[in-house]
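Below are the chains, spelled out letter by letter.
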Amino acid sequence: MARDLVLAQGTLIDGTGGEAVTGDLLVRDGLIAAMGSFELPAEAENIDCHGLIVAPGFIDLHSHSDLHVLEGRREKLLQGVTTEVVGNCGFSAFPCGHHREELRSFANGILCGGSTWGWNSARSYLQASTQADLPVLAESLAGHGSMRVAVAGMVQGPLAPAQLEQLIATLDEALADGAVGFSTGLMYAPGSGAPREELLALCKVVARRNKIHCTHMRNYGFHLLEAIDEQLRLAEESGCRLQISHLQAVGKANRTLNARALERVEAARQRGIDVAFDCYPYIAGSTVMTQLLPQPALAGGIEALLARLADPDLRANLAAQAVRSIANGWDELLVSAVASAKNARCVGMSLQAIGLERGVDPMEAVFQLIEEERGKVNILEFNQSEENLRVNLAHPLSCIISDGFYVQGRPHPRLHGTFPSFLRRSLDDPQWLPLPAAIHKITGKPAERMGLRKKGLLRVGYTADIAVFDPMQVAGPASYEEPEQSPVGIREVIRAGVRRFGAHNQAMPSGSVRLQ
Ligand SMILES: [Zn+2]
């Protein structure tokens, strides 16, 4: 049996939003066994937490580490994260059904995967993603896009009745198997083409299982408010709980929509809809380049898209449609990853600059890159204002997420910096957001939203997932230019009672546990 662990004389912030207290915390058999003042066990391993904040391990309610968490990657652990919720925006690593290859080509732009992955069910994926020896554990949502591909391939529009039945049964089974909820990605084909009746039927399954629907909505730019209304109506009619993913108003012309979006969410809550939202602490987002196109152009997959682009009339038509719907300026959209060595120099350049260099307009540059890279291009999008971001981060209904994903290029800094940089914001400006409230948004609140039992709080009997950090030092220096910088000031991360990261492994790369 593992030795007892005592976190001694730390500043305990318990994840409820309540005030800090100074005291000891005892970890025994993977659980929090005592808190405050108690008689210290003789044989315990002691970690001096004097001057440090002791908080519940952070919960990243929205990430795309579905595949990387299984490799034991440590980017999140180093930030204090002990649990990630994956399977977001319609992309989960299961089920593959009869369309294993199509699932991979649908999801690889977001999951940054190779050519071998794919699980048949939520149960088999979760068995892998919750193993005791992984640094960080992943819970998963069942992704609408993935399930749709498993049932019908990359087709758009209504499913045949038997396929719809199968889709409903697939979701029901995934939720019964332990998926924490259902995710949609209504800006991504093929989910974007699903009719309303399909979404309503699926949300009813979510309601019956008392789980949550997390949605990457249909629009965050010119039609943000209509997109919110669509989701609120679905929640109201189905009775399911709703989490609006990465809420923001995209594009300079749409900045005033942010306040109106929040008003709608608040009003819905007042009339009894269980809705909340999340946001990452950066003004830029990140996604796949094909998201700039009208999604029906992706019906049938990338080959079908390339064939459409080869037709000059269709190409002109798609360009006109895309230009109307893109809310960012071309100088606000940057290439972050490509597949080929030839275009590697585009990484970090704006579409404006790439267009100028190629002597074509930026939309044509988008088409050319998609053709040359066969769709495998990621982008960084400077979306929103710092003022709106601060309002959303501090809003009582928000959780803070990384939305991080891996790319073969330059990742968004949120992959390495989200949680420590968010804590730094709070510590530097407690009037804006006091530290206990900030910690609540990355611990107790996400646990409650996702229905994670015995997690997210420092409470006797809860899982001993704990992050310890130095409030003087904590920061996430990862930047857009240099995104792969590790956090500073995170001193100790314990998951399920086991020390996963701390001064002990910094000093000893072998990873063996010893006191400093
Ligand atoms: Zn998303």
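Caption draft 1: Representation of the coordination of the zinc ion within the structure. Only Cys89 (SG), His216 (ND1) and His246 (NE2) from the protein coordinate the zinc ion, and they sit 2.1 to 2.2 Å from it. Mapping the donors of the zinc ion onto the primary sequence gives the spacing C-x126-H-x29-H. With Cys89 in the loop between β7 (81-86) and α1 (100-111) and His246 in the loop between β11 (241-244) and α7 (257-270), this residue pair connects regions lying 157 residues apart in the sequence. The buried category is assigned to His246, whose relative accessible area is 4%.

Caption draft 2: Expanded view of the confidence of the model for the protein chain. Averaged over every residue, the pLDDT of the protein chain is 94; residues scoring 70 or more account for 97%. Segment residues 507-516: pLDDT under 50, and 12 contacts once partners within four positions in sequence are set aside and those in other chains are kept.

Caption draft 3: Representation of the packing of aromatic side chains within the structure. Taken as a whole and judged by the stated rule, the model has eight aromatic pairs. Plain terms: the ring middles of Trp119 and Tyr125 are 5.2 Å apart, the flat faces sit at 85° to each other, and that makes the pair edge-to-face. A cation over an aromatic ring shows up here: Arg414 above the ring of Tyr280, its NZ or CZ 4.5 Å from the ring centre.

Caption draft 4: Quick look at the sheet that holds strand β15 (residues 377-382). With respect to topology, three strands assemble into an open sheet ordered β13-β15-β14, the strand pairing being antiparallel. The strands lining the two open edges of the sheet, one partner per strand, are β13 (284-288) and β14 (333-338). Strand-to-strand twist across the sheet, computed as the mean angle between neighbouring axes with direction ignored, equals 25°. Relative to β15, β14 is paired through five bridges, and the arrangement is antiparallel. Bridge pairing in β15 links Leu333 to Glu381.

Caption draft 5: Molecular detail of the pairing of strand β12 (residues 275-279). Within β12, five of the five residues are buried, leaving the element largely enclosed by the surrounding structure. Across the two faces of β12 the burial is the same, with Val275, Phe277 and Cys279 and Ala276 and Asp278 all buried. Pairing between β11 and β12: three bridges, direction parallel. Bridge assignment links Gln243 to a residue of β12, and that residue is Ala276. Regarding the hand of the β-α-β motif, the stretch spanning β11, α7 and β12 is right-handed. Summarising the sheet, β12 and strand β16 (residues 398-400) pair through three bridges and their orientation is parallel. By the bridge assignment, Cys279 is partnered in β16 with Ile400.

Caption draft 6: Structural context of empty space enclosed by the protein. Under the definition given, this model contains one cavity of 30 Å³ or more. The space that makes up the largest cavity amounts to roughly 30 Å³. Lining the largest cavity are Cys89, Gly90, Phe106, His144, Gly145, Thr184, Gly185, Tyr188 and Gly191. Of all the secondary-structure elements, those providing two or more residues to the lining of the largest cavity are α3 (144-152) and β9 (181-185). A per-class count over the lining of the largest cavity returns three nonpolar, six polar and no charged.

Caption draft 7: Here's a closer look at the sheet that holds strand β10 (residues 212-216). Overall, parallel pairing links the eight strands, which are arranged β6-β7-β8-β9-β10-β11-β12-β16 in an open sheet. Each edge of the sheet is formed by a strand with only one pairing partner; in this case those strands are β6 (58-60) and β16. Direction aside, neighbouring strands of the sheet carry axes that sit 25° apart on average. Where β10 lies against β11, four bridges are found, and the strand directions are parallel. Within β11, the position partnered with Thr215 by the bridge is Ile244. Together, β7 and β8 (137-143) form the strand contacts of helix α2 (residues 122-129), whose direction differs from that of β8 by roughly 160°.

Caption draft 8: Seen up close, unusual backbone geometry. Across the junction of Phe94 and Pro95, the peptide omega takes the value -10°, indicating a cis bond. Locating Pro95 in the fold gives a position in the loop between β7 and α1. A cis amide bond, omega 5°, links Ala189 with the succeeding residue Pro190. One non-glycine residue with positive phi stands out, namely His246, at about 35°. The backbone of Asp403 sits at a positive phi, close to 50°, despite the residue not being glycine.

Conventions and cut-offs
- Residues numbered from 1 in each chain as written.
- Predicted model: local features only at pLDDT ≥ 70, side-chain atom pairs only at ≥ 80, totals over all residues.
- Heavy atoms only, no water.
- Donors = N, O, S within 2.8 Å, 3.2 Å for Na, K, Ca; no water.
- Helix = DSSP H or I, 4+ residues; strand = E, 2+ residues; numbered from the N terminus.
- Buried < 20%, exposed > 50% of the residue type's maximum accessible area, 1.4 Å probe, protein only.
- pLDDT = per-residue confidence, 0-100.
- Contact = heavy atoms within 4.5 Å.
- Phe/Tyr/Trp six-rings, centres within 6.5 Å; stacked < 30°, edge-to-face > 60°.
- Lys NZ or Arg CZ within 6 Å of the ring centre and 35° of its normal.
- Pairing = 2+ DSSP bridges.
- Axes fitted to C-alpha atoms, helices over the stretch in contact; angles between N-to-C directions.
- Right-handed = clockwise from strand over helix to strand, strands pointing away.
- 1 Å grid on protein atoms, 1.4 Å probe; cavity = no way out; pocket = protein on both sides within 12 Å on 5 of 7 lines; lining within 4 Å.
- Points joined across faces, edges and corners; volume = space filled by probe spheres on them.
- Nonpolar A, V, L, I, M, F, W, Y, C, P; charged D, E, K, R; others polar.

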